[in-house]
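Fold and contact review
This is what each chain is made of:
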Amino acid sequence: MLQFSKLKIGVILGIILLGCLFSAPNLIPQASLDKLPSWVPKTVINLGLDLQGGSHLLYEVDTDSFVKERLATVLDDIRDKLRHATPPIGYQNPSTAGGVVSLRVIDSSTQNADPKMTEAARPLLQQATNGMDLTIADDGQVTARYSDQALQQLRIQVVAQAIDVIRKRVDETGTKEPTIIREGEDRIVIQLPGVKDPQHIKDIIGRTAKMTFRMVDEAAMVSGQPAPTDEVLDVVDTRSNTPQKLIVQKRVTVAGENLTDAQQSFENGSQPVVAFKFDGIGAKKFGDATVQNVGKRFAIVLDGKVISAPVIKDAILGGSGIISGNFTVQSAADLALLLRAGALPANLTVIEERTVGADLGADSIAAGKLACEIAIVAIVVAMLFLYGLFGVFADIALVLNAVLILGALSLLGATLTFPGIAGMILTLGMAVDANVLILERVREEMRNGRSPVTAMEAGYREAQATIIDANATHCIATVFLFEFGSGPIKGFAITLLIGVVTSFFTSVYVTRLMTSVWLRRTRPKLLPL
Amino acid sequence: MYKPIRLVPANTRIDFMRWHKPLLLVSIVLVVGSLVLLFTKGLNYGIDFAGGVLMEVQTPQNAPADLGEMRSKLDALHIGEVTLQTFGAPNDVLIRVPQQASGDKGTQEAVARIKDALGDQWQYRRTETVGPKVGEELKWGALKASILAMLGIMGYVWFRYEWQFGINALLALFHDTVTTAGLFALTGLEFNLTTVAAILTIAGYSVNDTVVIYDRIRYDMRRYKSMPLRELINTSLNSTLSRTTITSGLTLLSVLALLLFGGEAIHGFALAMTWGIVIGTYSTIYVATPLLLYMHLHRVRGKETPPKDGAAKEKPAKEPAPKSQPSAVVRR
């Protein structure tokens, strides 16, 4: 009991010192913190969104639709290749049902399977279904599917792409320190500290922003009969004299991927528009298309809706142009942003949102602080009355414990949440349990007639096993809490876990050191307990 | 020098086990009652589990909220049964909207429409939406975590003591968690993620308390090898009584600080914790411990180690050290 090796004392004091060092930045204002030399630890506790205010969004990426679309594209590609083969290759029963691309290759004149046709189709099919498992039967039946592994790869790729696009978009809005991470297979968590109303950001993130430039089928517009290669699209731009629906070719003249830049600008000095620039390929395709189609309209299609369908007056060869639609300055700026950041590969849906205003967070901090202070004062006073001098030791340990928790939270870069504050308060209450156990045991040993030193020794020794068992079981519950919890609950669990560890250190080792120093100095005949 | 006060006299001889039968019956009634309530009335699931929208709003210029007017505005949106409730202050209102039939998109739209209906003058302190899928996942996650935590705790107690102790610790945990859930079913208090956190914390606290007593019983079993178990348990409970009172008292104190000063948002959590500390302490004495009487603990008969004789003369090394392998209980 009395013997503490120099090393042990050094380690104990060292840990306390480190705890103070790492927790100190939390008490110093940021301005003076910046002036300190670089070796001083400056990391302060990360406040959870529920305390500092901000928005937490959980998105689900619709990877299923993406896969479906992908299969449809493959099938379209196959059909296109077969039709344009020389001589053309016939097929029947094209389908993408059940996640399988299937059709039957036939001789179009006889409507029967023909080994020659099948062989001719083979390289084309292999090309179009690259990355899929392809089978071609003797009767011309073709099936192509993604292996489970390839599907998963595809999904991972889509989510990664979506995260890239989201990051660009969020960065463009000027949001500070966003966190964008994948969760599980097809989910994305976005945390936006300080964002009070995420509506605008949600609008921007949620839009697919798939833009295409396509030709209007003027002949079909006159006859009113869309060709099989056309589709009928709604028109958003109600300001112009164009009808509410337009018949547009399915074939994409220039895709949005070929855009290099887009900016909000003004036409005629006041009308907000989006000015865009194509890359080399885009500029060439666009130039060719405009040369061939002077006098016709081309449609600018965004997410399946025509936002504008101007008439081509001259060939546009410079590779840049403007989109004028029914824009306000804001919506034109948003569209420009979306075009710059690129299209999302799949649809996103918000499946969970938690937004907390900064003032509510401040209220929570204030309430948590108050409850914390009251709890500390109440426990400190109670321990003082219950155990006198040893209560003082326990109280010092308690305060050190609070300091160490703060230090550990800062060091680990953990996030303090409102339930986390509750966890801290609870930890303080339970931390003194170790001292209560020890001191009650010491009292008992004294009753059995032991001397102060041996009673102390026995008290610490006997109680320690109990304390370890009690803390271990408590840790088990907390670990599961951490595993299961989302955001704030995780914060609560981590605070509890840290608290269990630090409280074991302070209430066993630190009080023991203090008691041993005191015993050696005073050599009491009787313990004041 | 200051002589510390003693909350509990040094040599209490309370016959705790005297009331254990009627109190076990009370516990059984509480557990069965809670289960019946849980299955018939059910829990009032909050947004985390039921899904839907929760908004905390403040009136413009902090005037007291006119709930009637708000209701008519929001009912006109036809977004299901909207519940309104003042929250801590008369100008602070909680708006709850159930899951929309149209799914996640509809839920998002509902938020936008509420904001439109109320206008920019209001302060939106908090907005939470949870979709049906997430709610369902959170529910299962919570259940899974609770069950795994309890099994984990049982496993540990089993490993450190004997299987009887492990089973009893589990029963006590089950008792505490089920009655806490029952309390929520009875009062209709909202059952949320934080409530689950509270329940798991209660589990941790309760088993902490149980382990302290079990440690003492094991220790005493080695010391008084021929003492009848009933008497031995009473001795153990009495010698830890002071600690039980002080620790649960101090923890209760800190939780009460949370309950009274922690604000409205943490109220449900603090309430569950307060209940949990009371029930956790009770279950240690009247569920986890008396059940040992019926578990046929295997005890080694032998010479009794006298409790007091010459303890002062005796060197500490001769005391049975609790760190060593339990000798009073034989593994089978």
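A short note on the overall build of chain A
Per the secondary structure count, chain A includes 14 helices and 19 strands. A globule of 529 residues ought to have a C-alpha radius of gyration of about 24 Å, yet chain A, at 35 Å, is considerably larger. When its C-alpha atoms are laid out on the principal axes, chain A stretches across 115 × 65 × 35 Å. Burial analysis of chain A (529 residues in total) assigns 44% to the buried set. A fraction of 70% describes how many contacts in chain A between residues 6 or more apart in sequence connect residues 24 or more apart.

Looking at unusual backbone geometry
All names here are of chain A. For the bond running from threonine 86 to proline 87, omega is -10°, close enough to zero to count as cis. Look at alanine 209: it is not a glycine, yet its phi comes out positive at around 60°. When the 21 C-beta atoms within 10 Å are taken as the criterion, alanine 209 is described as buried. Residues other than glycine seldom take positive phi values, yet aspartate 303 does so here, at roughly 50°.

Describing helix α10 (residues 267-288) of chain B
Residues three or four positions apart in an α-helix share a direction because the helix packs 3.6 residues into each turn. With 22 residues, α10(B) should reach 32 Å at 1.5 Å per residue; the first-to-last C-alpha distance of 29 Å fits that figure. The largest bend along α10(B) measures about 30° and falls at B:Tyr282.

What to know about the domain arrangement of chain B
Much of the literature gives interface size as the accessible area that the parts lose upon coming together. Domain annotation for chain B reports domain 1 (16-42 + 135-294) and domain 2 (52-130). A straight line from the C-alpha centre of domain 1 of chain B to that of domain 2 of chain B covers 38 Å.

What to know about the pairing of strand β16 (residues 305-308) of chain A
Residue and element names in this part refer to chain A. Where strand β10 (residues 230-235) and β16 come together, two bridges link them in parallel fashion. Note on β16: the bridge partner recorded for aspartate 234 is lysine 305. Of the strand pairs in this sheet, strand β15 (residues 298-302) and β16 are connected by three bridges, and their pairing is antiparallel. What sits directly across from leucine 302, in β16, is lysine 305. Once β15 ends, the chain turns through two residues before running back antiparallel as β16, passing aspartate 303 with a positive phi of about 50°.

Here we look at the interface of chain B and chain A
Each partner contributes residues to the interface: chain B has 70 residues there, and chain A has 71 residues. Of all the secondary-structure elements, those providing two or more residues to the side of chain B that touches chain A are α4 (104-118), β5 (123-130), α5 (132-160), α7 (193-223) and α9 (241-261) of chain B. In terms of residue class, the side of chain B that touches chain A is built from 38 nonpolar, 18 polar and 14 charged. Looking at chain direction, strand β18 (residues 348-356) of chain A and β5(B) are connected through five bridges and run antiparallel.

Regarding the sheet that holds strand β3 (residues 90-95) of chain A
Residues and elements named next belong to chain A. Read across the open sheet, the four strands follow the order β3-β4-β6-β5; overall the sheet is antiparallel. Each of the sheet's edge strands pairs with one partner strand only, and the pair in question is β3 and β5 (133-136). Sheet twist, expressed as the mean angle between neighbouring strand axes with direction ignored, is 15°. Examined bridge by bridge, strand β4 (residues 101-106) and strand β6 (residues 141-145) share four bridges and lie antiparallel to one another. Directly across from arginine 104, in β6, lies its bridge partner glutamine 141. Each of β4, β5 and β6 is contacted by helix α5 (residues 115-128), which is oriented at about 175° to β5, the strand it contacts most.

A closer look at the nonpolar core
In globular proteins that are soluble, nonpolar side chains generally tend to be buried together. A:Ile425, B:Ile153, B:Leu200 and B:Ala203 are the most contacted members of the largest nonpolar core, which has 207 residues in total. For this core, the element with the highest residue contribution is helix α11 (residues 358-412) of chain A, accounting for 21 residues. In terms of domain composition, this core takes at least three residues from each of domain 1 (16-42 + 135-294) and domain 2 (52-130) of chain B. Ranked by size, the runner-up nonpolar core spans 16 residues in total, among them A:Ile106, A:Leu125, A:Val142 and A:Ala144.

What counts and what doesn't
- Residues numbered from 1 in each chain as written.
- Chains lettered and ligands numbered in written order.
- Predicted model: local features only at pLDDT ≥ 70, side-chain atom pairs only at ≥ 80, totals over all residues.
- Helix = DSSP H or I, 4+ residues; strand = E, 2+ residues; numbered from the N terminus.
- Rg over C-alpha atoms; globule rule 2.2 N^0.38 Å.
- Buried ≥ 20, exposed ≤ 12 C-beta atoms within 10 Å, placed from the backbone.
- Contact = placed C-beta atoms within 7 Å.
- Expected span 1.5 Å × (residues − 1).
- Bend = angle between axes of the 7 residues up to and from the residue.
- Domains from an automatic or database assignment.
- Pairing = 2+ DSSP bridges.
- Nonpolar A, V, L, I, M, F, W, Y, C, P; charged D, E, K, R; others polar.
- Axes fitted to C-alpha atoms, helices over the stretch in contact; angles between N-to-C directions.
- Core = buried A, V, L, I, M, F, W, Y, C linked by C-beta atoms within 7 Å.

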